[in-house]
Amino acid sequence: MRRSGTKAILAAAVACTTALAVSTAPAAAEPSPQTTPSDIGLGDVIPAPVEVTPDSDADYRLGPGTLIRTEPRSAEARAIGRQLAGTLRPATGYPLPVVPAHGNSAGGISLLLDDVGDELGSEGYRLDVTDRGVTIRANEPAGLFAGTQTLRQLLPAAIESDTRQHETWTVAGGSIVDHPRFEYRSAMLDIARHFHTPDEIKSYIDELARYKINYFHIHLTDDQGWRIEIDSWPELATVGGGPGTGVDGVGGGYLTKDDYRDIVAYAADRHITIVPEIDMPGHTNSALSTYAELNCDGVASPPRTDMAVGYSSLCIDKEITYEFVDDVIREIAELTPGPYLHIGGDEAHETSAEDYRAFMQRAVPIVQKYGKQPLGWNEIVAAEPSTDTIAQYWHTTTDHDEIADAVERGHRVIMSPANKAYLDMKYDEDTPLGLSWAAYIEVRDAYGWDPADYVNGVGEDAVLGVEAPLWSETLRSLDHIEYMAFPRLAAIAELGWSPQQAHDWTSFSERLGQQAPRWEARGVDFYRSPQVPWES
Ligand code: ACM
């Protein structure tokens with residue numbers, strides 16, 4: 001389903017066009033003698049790079065003889081080189097062999113691990129384009145990967161095609177020095193309200209990686225459905241995630257442990273770390289309806305697939321509750337190589353403040369016992385957990401004493417205010433999908449805030465990063481996910497990566513407009529916001 005094209009397109013001038021020049025000349029061997037100037041400026045990338053120094057005399061043109069040279073003896077650099085080759089081969093039709101970078105051999109695309117300075121950290125990179133080649137240097141493989149995502153956007157949009165295109169594959173000359181503002185740049189997908197298959201999840205991960213998102217938070221359980229296999233409580237998945245457990249009784253399903261491991265590995269290949277969420281003590285009706293003994297009265301609650309929230313609670317006074325929590329967290333921690341495990345804690349309206357505190361005082365140490373750092377929605381700080389517990393701010397107010405006090409105590413915060421960062425909020429009143437309880441969020445609203453200057457008392461040092469959650473009550477397919485995520489995901493990604501001084505709506509909206517032919521070539525559904533000067 002393609003909804004693109006249903007909205008009016010602004011006639012605004014587009015600074016840089018990616019009009020696809022058809023090349024009749026045979027592709028040049030390198031170095032290319034007569035390089036057609038690139039139509040894409042060196043800084044025309046999302047997220048905006050930190051420092052861009054163009055050199056219009058140094059454009060580089062890929063040709064059939066281009067090699068991809070990678071750091072010798074680094075399997076990770078080689079893997080990134082192979083991935084890059086895999087993405088560039090279909091549209092160019094070039095063989096792009098991946099070879100070790102030896103000695104002073106120059107030319108082609110080089111991916112080198114090098115000391116590029118502490119300020120670039122583990123994800124930063126330098127990208128230098130001369131008329132002989134493109135060299136990406138980074139302290140760590142994650143930086144090389146980020147650099148290759150930049151390079152991809154510097155090539156004509158036709159590079160995203162999966163069939164051979166007649167195109168001049170020119171990259172603008174000059175240098176980029178780039179590193180992220182925040183260490184945690186995340187997207188969340190709710191697979192509980194509607195189950196989304198491993199293939200759909202992987203497609204979404206593919207898109208996230210292009211925008212330098214480095215964490216993927218999966219909301220695995222909720223009132224309607226339980227979507228992850230747990231060996232010690234097997235009916236959670238088979239019954240709690242069985243047929244008809246999506247909102248309105250549509251769909252159902254769950255990830256097997258092998259599915260989950262496969263997603264973890266797929267994400268890791270794209271330098272994305274999985275953050276699993278098991279929401280508790282509220283949002284637990286799928287567990288309570290599956291196992292009667294988890295209820296205070298020993299009677300299974302009825303299964304529910306409506307969209308109400310805040311009605312369920314684990315039984316705080318029963319010991320079996322903590323056996324259940326221990327089993328589930330242990331099994332999820334075993335499956336998860338990343339450092340974080342999210343235990344929700346939001347909207348526990350059926351749990352008294354005293355019970356909530358008692359519950360979290362036991363649940364948080366269980367997460368720590370299994371070697372993970374606890375993460376929870378912002379309500380979790382009311383339970384005064386240990387200060388390594390990271391709070392995810394989803395409320396909307398700019399004054400929030402509880403979270404400001406938690407920051408004073410030493411907690412760090414992930415910013416996802418629902419009226420700015422929630423991808424399931426409708427763009428406007430005509431959006432056919434999504435909800436609107438927090439706000440309508442047009443692209444400019446999603447872009448127009450500063451994660452480190454949103455809640456009073458929660459400044460740059462307290463902000464671990466930013467996340468764009470996508471709740472799926474109304475979303476049943478990958479098209480639905482894409483339509484709500486794009487283009488706003490790109491806005492949140494830029495807020496997470498680019499320095500505050502780079503934030504500029506005019507520049508962003510023009511760069512965003514250039515993403516349209518790329519999304520189209522990849523078959524990604526997106527919302528053609530009238531605020532954006534879309535190309536093509
Ligand atoms: C939430 O939106 N209840 C975290």
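Numbers given to residues run from 1 along each chain, matching the order in which its sequence is written. The model is predicted, so local features are restricted to residues of pLDDT at least 70 and side-chain atom pairs to those at 80 or more, both for listing and for counting; the totals for chains, interfaces and linings are taken over all residues. Each side-chain value is derived from all of the structure's non-hydrogen atoms; neither hydrogens nor water enter the calculation.

Colleague: Summarise the pairing of strand S6 (residues 125-130); cite the residues concerned and give the values.
Modeller: A pair of strands counts as paired when DSSP detects no fewer than two bridges linking them. Segments assigned H or I by DSSP are reported as helices when at least four residues long, segments assigned E as strands when at least two residues long, and all are numbered from the N terminus. In this sheet, strand S9 (residues 174-178) lies alongside S6 in antiparallel orientation, the contact comprising 5 bridges. Residue pairing across strands places Val129 opposite Gly174, the latter belonging to S9. As judged from the 5 bridges shared by S6 and strand S7 (residues 133-138), these two strands associate in the antiparallel manner. By the bridge assignment, Thr130 is partnered in S7 with Gly133. Between S6 and S7, which pair antiparallel one after the other, the connecting turn spans 2 residues.

Colleague: Which residues make up the pattern of salt bridges, and what values go with them?
Modeller: Side chains that carry opposite charge are capable of pairing whenever their charged atoms lie near each other. Salt-bridge detection follows one rule: a side-chain nitrogen of Lys or Arg within 4 Å of a carboxyl oxygen of Asp or Glu. In total, this model carries 30 salt bridges according to the counting rule given. Between Arg522 and Glu160 there is a salt bridge, with the nearest N and O atoms lying 3.1 Å from each other. With Arg522 in helix H15 (residues 516-522) and Glu160 in the loop between helix H2 (141-154) and strand S8 (170-171), the pair connects residues that are 362 residues apart, well separated along the chain. Any residue under 20% of the maximum accessible area for its type is buried, any over 50% is exposed, and the rest in between are partly exposed; the area is computed with a 1.4 Å probe on protein chains only. Overall, the relative accessible area of 19% leaves Arg522 in the buried class. Accessibility expressed as a relative area gives 8% for Glu160, which makes it buried.

Colleague: With reference to specific residues and values, describe the sheet that holds strand S5 (residues 108-113).
Modeller: Pairing in this open sheet of 7 strands is mixed, and the strands run S1-S9-S6-S7-S5-S3-S4 from one edge to the other. In the strand order of this sheet, the two ends are held by strand S1 (51-54) and strand S4 (98-100), each with one partner. Taking each pair of neighbouring strands and ignoring which way they run, the sheet shows an average axis angle of 15°. In this sheet, S4 lies alongside strand S3 (residues 68-70) in parallel orientation, the contact comprising 3 bridges. When the sheet's bridge partners are listed, Arg69 is paired in S4 with Val99. Lines fitted to the C-alpha atoms define the axes, with helices restricted to the stretch that makes contact. Angles between their N-to-C directions range from 0 to 180 degrees.

Colleague: Describe in detail the confidence of the model for the protein, supporting the description with residues and values.
Modeller: Scored by pLDDT, the protein has a mean of 93; 92% of the residues are at 70 or more. Segment residues 1-34: pLDDT under 50, and 75 contacts once partners within four positions in sequence are set aside and those in other chains are kept. The predictor rates its confidence in each residue with pLDDT, a number between 0 and 100. By definition, residues are in contact when any of their heavy atoms lie within 4.5 Å.

Colleague: Give me the lowdown on the environment of Leu112, citing residues and values where you can.
Modeller: When you line up the elements, Leu112 lands in strand S5. The buried category is assigned to Leu112, whose relative accessible area is 19%. For the pair formed by Leu112 and Ser74, sequence separation is 38 residues and the distance between their alpha carbons is 9.3 Å. In contact with Leu112, not counting residues within four places along its chain, are Glu71, Ala101, Thr135, Ile136, Arg137, Ala138 and Leu144.

Colleague: Can you lay out empty space enclosed by the protein for me, pointing to particular residues and giving the numbers?
Modeller: Each cavity reported here is a set of points on a 1 Å grid over the protein atoms alone in which a 1.4 Å probe fits but cannot get out, each pocket an open set with protein on both sides within 12 Å along at least five of seven lines, and each lining residue one with an atom within 4 Å of a point. Grid points are joined across faces, edges and corners, and a volume is the space filled by probe spheres set on the points. According to the stated counting rule, one finds 3 cavities of 30 Å³ or more in the structure shown. Taken as a whole, the largest cavity encloses approximately 80 Å³ of empty space. Lining the largest cavity, in full, are Glu123, Ala142, Phe145, Ala146, Arg185, Ala209, Lys212, Ile213, Asn214, Arg270, His271 and Trp497. Per-element tally for the lining of the largest cavity: the top contributor is H2, with 3 residues. Split by residue class, the lining of the largest cavity holds 6 nonpolar, 2 polar and 4 charged. A volume near 50 Å³ is recorded for the second largest cavity. If you go around the second largest cavity, the residues you meet are Gln149, Arg152, Gln153, Glu160, Arg210, Tyr211, Gln515, Arg518 and Arg522. Elements supplying a minimum of two residues to the lining of the second largest cavity: H2 and H15. The element best represented in the lining of the second largest cavity is H2, accounting for 3 residues. Three residue categories are used. Nonpolar comprises Ala, Val, Leu, Ile, Met, Phe, Trp, Tyr, Cys and Pro, charged comprises Asp, Glu, Lys and Arg, and polar comprises the others, including Gly. When its residues are assigned to classes, the lining of the second largest cavity shows 1 nonpolar, 3 polar and 5 charged.

Colleague: Give a detailed account of unusual backbone geometry, specifying residues and quantitative values.
Modeller: Along the chain, Ile46 connects to Pro47 via a cis peptide bond; the corresponding omega equals -5°. Position of Pro47 relative to the elements: it lies in the segment before S1. Here Phe486 and Pro487 are connected by a cis peptide whose omega angle stands at 20°. The residue Pro487 is located in the loop between helix H12 (478-485) and helix H13 (488-497) in this model. In this structure, His271 takes a positive phi of about 55° despite not being glycine. Residue position: His271 is located in the loop between helix H5 (257-269) and strand S12 (273-277). Looking at His271, the relative accessible area reads 24%, which means it is partly exposed. We note that His283 has phi near 55°; this positive angle belongs to a residue other than glycine. Note on placement: His283 falls in the loop between S12 and helix H6 (285-290).

Colleague: How would you summarise the environment of Val247 if you had to cite specific residues and measurements?
Modeller: Tracing the backbone through its elements, the reader meets Val247 in the loop between helix H4 (235-238) and H5. Note: C-alpha distance between Val247 and His194 (53 residues apart in sequence) is 6.3 Å. Val247 has contacts with Arg193, His194, Gln224, Thr305, Met307, Glu473 and Arg476, leaving out every residue within four places of it along the chain.

Colleague: So what's going on with the state of the cysteines? Which residues, and what values?
Modeller: Note: disulfide means a covalent bond formed between the sulfur atoms of two cysteine side chains. Disulfides are defined as cysteine sulfur pairs within 2.5 Å. Evaluation of the coordinates by the stated rule reveals 1 disulfide. What pairs with Cys296 in a disulfide is Cys315, and their sulfur atoms sit 2.1 Å apart. Residues Cys296 and Cys315 are joined by a disulfide whose S-S torsion is about 105°; by sign, that bridge is right-handed. Here Cys315 lies in the loop between H6 and helix H7 (319-335) and Cys296 lies in the loop between H6 and H7, a separation of 19 residues in the sequence.

Colleague: So what about the environment of Arg522? Which residues, and what values?
Modeller: A sequence separation of 363 residues divides Arg522 from Ile159, and the C-alpha atoms of the two residues are 10.0 Å apart. Leaving out residues up to four positions away in the same chain, Arg522 has contacts with Glu160, Glu207, Arg210 and Tyr211. For the purposes of these results, a polar contact is taken to be a pair of N or O atoms within 3.5 Å, where, inside protein, one atom must be able to donate a hydrogen and its partner to accept one; residues adjacent in sequence count only when each atom of the pair is a side-chain atom. Engagement of the side chain of Arg522 in a polar contact is seen with the side chain of Glu160, the distance being 3.1 Å.

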